Amino acid sequence: MHFALFIEVPPTVTRAIHRTPIVIAHRGASGYLPEHTLAAKAMAHAMGADYIEQDVVLSKDGVPVVLHDVYLESTTDVATCFPGRARSDGRFYAMDFDLGELRQLKVHERSEETADGSEVPVYPQRFPLTPKLFGIPTLAEEIDLIAGLDQSRNRSTGLYVEFKAPNLHLKAGMDIAEIVLNVLTEKGYADRPEQVFLQCFDPPTLQRLRNELQTPLPLIQLIGENSWGEDTDADYNPLRTPRGLAEVATYAHGIGPWVNHIYLGRDAAGAPLLSDLVQQAHAQSLLVHPYTLRRDDLPEGVGSFDELLDIVFRQAEVDGVFTDFPDIVRSYLRQLMQAKS
């Protein structure tokens, strides 16, 4: 299997990377507890995740809080607590609420509305929608939790921080990149390249982090689909080409593609059909950390979670994955490494 020991991207930065693939707890152990709650992060830590992800948005008063969406209604009871605060598009934006108001909300398992207006869980077999036991943590609070667990459990767990909707925040007069870096500095993580990744869907934000803000932390260029409407003017299709990856390598240490950019389905004989994205990225000395591996939401044509893990690790040879189930991926990798030794 291909796992380089060193990577040089950009040329002024050299950092050791892991000999074995890493497990990134996607929004914590979100397959078991509501996403981005401190409980989900503590469980991910106990399950042995190498890195724990923090999606970050800002409150109205500029405090970084850990939420996947810039909206609140899919994971909190905001519509009940503040029924008149939705914008004209019907969404409740986190940046319209100050930290004191956000602390009044209760976080629940991710939900969606049916045609008749009922609220149902996106993943029915996960934690129930009620009772609502959890709150929205700040980034500082989450870092304190992980650092405390590192001390009590004698571990060194990484942070994997995403800047959500940086351009939307800038339009509201808030510089999320600088604000998050300030929190990392205050907590002593701003100069730990071996323990922190920074990720974003917006290339100019990552370029600014590297060139203007001069962070020494490794950067990951997230790659989505243009139809998703991410907060960027980027065209993601060229980023997956050799030329695009070469450009990414001038400012980032790796890419975070959608897993369906790697696994393309089945060929005529029924074998997994893989793109050359991982090989092309490795040719540019870029790490590859695809998202999101879920045992209860498998790509079409994949029969089991173990099969998906075999495809991405043993066949595609990725450098790590985002997963809602860090315990299962950790167990798989332990067995894989034992088989190789």
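Residues numbered from 1 in each chain as written. Predicted model: local features only at pLDDT ≥ 70, side-chain atom pairs only at ≥ 80, totals over all residues. Heavy atoms only, no water.

**Re the overall build of the protein**
Definition in use: Under the DSSP-based scheme used, a helix requires at least four consecutive residues in state H or I and a strand at least two consecutive residues in state E, with every element numbered from the N terminus. When we talk radius of gyration, it's over C-alpha atoms, and the globule rule is simply 2.2 Å times the number of residues to the 0.38. Accessible area is worked out with a 1.4 Å probe on protein chains only. A residue is then buried under 20% of its type maximum, exposed over 50%, and partly exposed in between. Residue contacts follow a heavy-atom distance rule, with two residues in contact if any of their heavy atoms lie within 4.5 Å. Throughout, the Shrake-Rupley method with a 1.4 Å probe supplies accessible areas, and for residues the shown protein chains are the sole cover considered. Asp and Glu are treated as the negative residues and Lys and Arg as the positive ones, with His and the ends of the chain left uncounted. A charged residue contributes its charge at one atom only: NZ of Lys, CZ of Arg, CG of Asp or CD of Glu.
Counting its secondary structure elements, the protein contains 12 helices and 15 strands. A compact globule built from 341 residues should have a C-alpha radius of gyration of about 20 Å, and the protein, at 19 Å, falls within 12% of that. Projected onto its principal axes, the C-alpha coordinates of the protein cover approximately 55 × 45 × 45 Å. Taking all 341 residues of the protein together, the buried fraction comes to 53%. Long-range contacts, defined as pairs at least 24 residues apart, comprise 67% of the intrachain contacts of the protein with a sequence gap of at least 6. Carbon and sulfur atoms make up 48% of the accessible area of the protein, which amounts to about 14400 Å² in all. Seen as two clouds, the 30 positive and the 48 negative side-chain charges of the protein have centres 4 Å apart.

**Some thoughts on the packing of helix H4 (residues 139-153) against helix H6 (residues 176-186)**
To keep things clear, this is the line we draw: Every angle, taken between N-to-C directions, lies between 0 and 180 degrees, and every axis is a line fitted to C-alpha atoms, over only the stretch in contact when it is a helix. Should the near helix be turned anticlockwise from the far one by less than a right angle, the crossing is termed left-handed; should it be turned clockwise, right-handed.
Running from N to C, H4 and H6 cross one another at 35°; their axes reach a closest spacing of 10 Å. Considering only the axes of H4 and H6, their crossing is right-handed. Seen from H4, the contacting residues are Leu-139, Ala-140 and Ile-143; seen from H6, they are Val-180, Val-183 and Leu-184.

**Structural notes on unusual backbone geometry**
Between Thr-130 and the following residue, Pro-131, the backbone shows a cis peptide bond with an omega angle of 0°. In this structure, Pro-131 sits in the loop between strand S7 (119-121) and H4. The linkage connecting Tyr-291 with the following residue, Thr-292, adopts the cis geometry, with an omega of -20°. Along the chain, Thr-292 turns up in the loop between strand S14 (287-288) and helix H11 (305-315). With phi around 55°, Gln-214 is a residue other than glycine that occupies positive phi space. Structurally, the position occupied by Gln-214 is in the loop between helix H7 (203-211) and strand S10 (219-223). Under the relative-accessibility criterion, Gln-214 is labelled exposed at 60%. Phi is positive for Ser-285, close to 60°, though the residue is something other than glycine. Along the chain, Ser-285 falls in the loop between helix H10 (277-283) and S14. What makes Ser-285 partly exposed here is its relative accessible area of 35%.

**A closer look at the packing of helix H1 (residues 38-46) against H4**
Keep this limit in mind: Convention used here: angles under 35 degrees read as roughly parallel, angles over 145 as roughly antiparallel, angles from 65 to 115 as roughly perpendicular, and any remaining angle as oblique. In this count, Pro and Cys sit with the nonpolar residues alongside Ala, Val, Leu, Ile, Met, Phe, Trp and Tyr, while Asp, Glu, Lys and Arg are called charged and the others, Gly among them, polar.
H4 packs onto H1 with a crossing angle of 30° between their chain directions and a minimal axis gap of 10 Å. The angle between H1 and H4 places the two elements in the roughly parallel class. The interaxial crossing formed by H1 with H4 has right-handed handedness. Across the interface between the two elements, Leu-38, Lys-41, Ala-42, His-45 and Ala-46 from H1 touch Glu-142, Leu-145, Ile-146, Leu-149, Asp-150 and Arg-153 from H4. Grouping the constituent residues of the contact of H1 with H4 by class yields six nonpolar, one polar and four charged.

**Looking at the packing of aromatic side chains**
Filter applied, for reference: Two aromatic rings, drawn from Phe, Tyr or Trp (for Trp, its six-membered ring), form a pair once their centres lie within 6.5 Å of each other, and the interplanar angle then sorts them: stacked below 30 degrees, edge-to-face above 60, tilted otherwise.
Going through the model one piece at a time under the given rule, you end up with 14 aromatic pairs. Between Tyr-160 and Phe-322 the ring centres are 4.8 Å apart and the planes differ by 70°, which places this aromatic pair in the edge-to-face class. Of this pair, Tyr-160 sits in strand S8 (residues 158-163) while Phe-322 sits in strand S15 (residues 320-323), and the two are 162 residues apart along the sequence. For the pair formed by Tyr-160 and Phe-322, the shared burial category is buried. With 5.9 Å between their ring centres and 25° between their planes, Phe-313 and Tyr-332 make a pair best called stacked.

**Let's talk about the pattern of salt bridges**
As a reminder, the rule being used: Any carboxyl oxygen of Asp or Glu that lies within 4 Å of a side-chain nitrogen of Lys or Arg is treated as forming a salt bridge with it.
This structure, assessed with the given rule, holds 20 salt bridges. A salt bridge links Glu-35 to Arg-110; the shortest N-O distance between them is 2.8 Å. Placement of the pair is Glu-35 in the loop between strand S3 (22-25) and H1 and Arg-110 in the loop between helix H3 (99-102) and strand S6 (111-113), with a sequence separation of 75 residues. By relative accessible area, Arg-110 is classed as buried at 15%. Asp-50 is the partner of Arg-330 in a salt bridge, and the nearest nitrogen-oxygen pair spans 2.6 Å. In this pair, Arg-330 sits in helix H12 (residues 326-340) while Asp-50 sits in the loop between H1 and strand S4 (51-58), placing the two residues 280 residues apart along the sequence. Accessibility expressed as a relative area gives 15% for Arg-330, which makes it buried. Where salt bridges share partners, they join Arg-27, Glu-35, Asp-69 and Arg-110 into one cluster.

**Some remarks on the confidence of the model for the protein**
Heads up, the rule is: For every residue, the predictor states its confidence as a pLDDT score lying anywhere from 0 to 100.
This prediction gives the protein a mean pLDDT of 94; 94% of its residues lie at or above 70. Confidence, expressed as mean pLDDT per element, reaches its minimum in the protein at strand S2 (residues 14-16) with 37 and its maximum at strand S5 (residues 64-66) with 99.

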